[in-house]
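Given next are the chains, with one letter for each unit.
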Amino acid sequence: MSKYVLGQNQYGKAENRIVKIVRKGNEGSWHEIRDLNVSVALRGEFRDVHLTGDNGNCLPTDTTKNTVYAFAKEHGVTSPEDFGTRLAQHFTNSQSVIHESQVRLEEYAWDRIPVPTRRDQHSFVRSGQEVRTSQVTFNKHTGQLQIVSGLKDLTVLNSTNAEFHGYIKDKYTTLQEAYDRILATKVTARWAYSAAAAADPDTDWDRLYKKARRLMLEAFAETYSYSLQQTLNAMAERIMDHCPQINEVRLNLPNKHHFLVDLEPFGLKNDNEVYFAADRMYGLIEATVHRDGITPVIATSDWITA
Ligand SMILES: O=c1[nH]c(=O)c2[nH]c(=O)[nH]c2[nH]1
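Remember, predicted model here, so these are calculated numbers, not experimental data. (Residues numbered from 1 in each chain as written. Predicted model: local features only at pLDDT ≥ 70, side-chain atom pairs only at ≥ 80, totals over all residues. Heavy atoms only, no water.)

Q: Just give me the short version of the pattern of salt bridges, but keep the residues and values in it.
A: Per the counting criterion, the structure on display carries 19 salt bridges. Between R118 and D120 there is a salt bridge whose closest N-O contact spans 3.3 Å. Between D279 and R280 there is a salt bridge, with its nearest N and O atoms 3.8 Å apart. Given the relative accessible area of 56%, D279 is considered exposed. Shared partners join several salt bridges into a network, and the residues in it are R34, E81, E107, R132 and D206. (Salt bridge = Lys/Arg side-chain N within 4 Å of Asp/Glu carboxyl O. Buried < 20%, exposed > 50% of the residue type's maximum accessible area, 1.4 Å probe, protein only.)

In structure tokens form, the structure reads like this:
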């Protein structure tokens, strides 16, 4: 008897970078591009692999990597959610010892470079700063397919319509109350889809991604803010108000502080015009907002930094 117990374990190939080109149109001269970073984690009967050196139950991580690339050719990449679902179901359904698979995907977006001198389109410029994310988990015993999608690294700023005052003041409080401040943050957002949406082959993942992103940005812009906490709640609620497929939203919002610069030494009045943008330290505001009656599934322990 060992003194120790093997606890939660999973393995797979992480960060498989894959670029899929689809050729369409006149002799395939119109190209479409999907640029992904795909990580696979397998869960199941891997006790002996860890404890005895018997690899009989071990599907090599190299194979999981090959599967990702082969599936891109065989099945195409229509969306991170569809691609992740296909992979997660393949690993669990094809090997008896694999009970659950999790596929994490990041997608990097590309815009077309408009080229006036030719009609074909195969030139792109990396667009936006944000990364689209998705995590697909499939368990063959429960039949549960869980899809949590979102984005990270989306930096936004309101140059007014933000205040912060009325907070607790103790002997260590030096913060001045603000009645007109810059509110800026770099959004990490995750939203969990309902089981019905995840199971529906007609769910349009690209459309839902664009919609949730737009709703979140509109709520950020339209909310007169008395705290980043209040803005966070408004952003999450806005998504669920308009997306019945989404049951839960978790936001991690670093408060990217902008401090008014003291221009008095130069005989100048700073009328909320000149700020110092601090990159560290930062307030970190994090919350899950979910529909009443559902059990939240998005991990709260992930340490997400600015
Ligand atoms: O929106 C804010 N929330 C806080 O909790 C906080 N704390 C702080 O110092 N500044 C801010 N701003």
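Q: How would you sum up the pairing of strand β1 (residues 16-24)? Please name residues and give values.
A: When β1 meets strand β2 (residues 30-44), the two strands line up antiparallel, connected through nine bridges. Looking at the pairing, N16 lines up with V38 of β2. Hairpin connection between β1 and β2: a loop of five residues separates the two successive antiparallel strands, and G25 in this loop has a positive phi of roughly 70°. (Pairing = 2+ DSSP bridges. Helix = DSSP H or I, 4+ residues; strand = E, 2+ residues; numbered from the N terminus.)

Q: Outline unusual backbone geometry, listing residues and values.
A: Of note, the bond from R280 into M281 is cis; its omega dihedral lies within 30 degrees of zero at -20°. Of note, M281 is situated in the loop between β11 (275-277) and β12 (283-290). Backbone geometry at D153 places phi at a positive 70°, although glycine is not the residue there. Relative to the elements of secondary structure, D153 occurs in strand β7 (residues 145-158). Unusually for a residue other than glycine, N161 sits at a positive phi of about 65°. A residue is classified by how much of its surface remains accessible, and N161, at 39% relative accessible area, is partly exposed.

Q: Quick one: what's the story with the site of the ligand, residue by residue and with numbers?
A: The local shell around the ligand consists of F164, L175, R181, S227, L228, Q229 and N255. Between L228 and the ligand, the recorded distance is 2.7 Å, taken from a backbone N or O atom to an oxygen atom. For the ligand, whose unbound accessible area comes to 300 Å², protein coverage reaches 72%. The residue inventory of the shell around the ligand, partitioned by class, reads three nonpolar, three polar and one charged. (Near = heavy atom within 4 Å. Polar contact = N/O pair within 3.5 Å; in protein donor to acceptor, adjacent residues only side chain to side chain. Areas by Shrake-Rupley, 256 points an atom, 1.4 Å probe, with all protein chains shown as cover. Nonpolar A, V, L, I, M, F, W, Y, C, P; charged D, E, K, R; others polar.)

Read these as layout, nothing more, since geometry by itself doesn't imply function.
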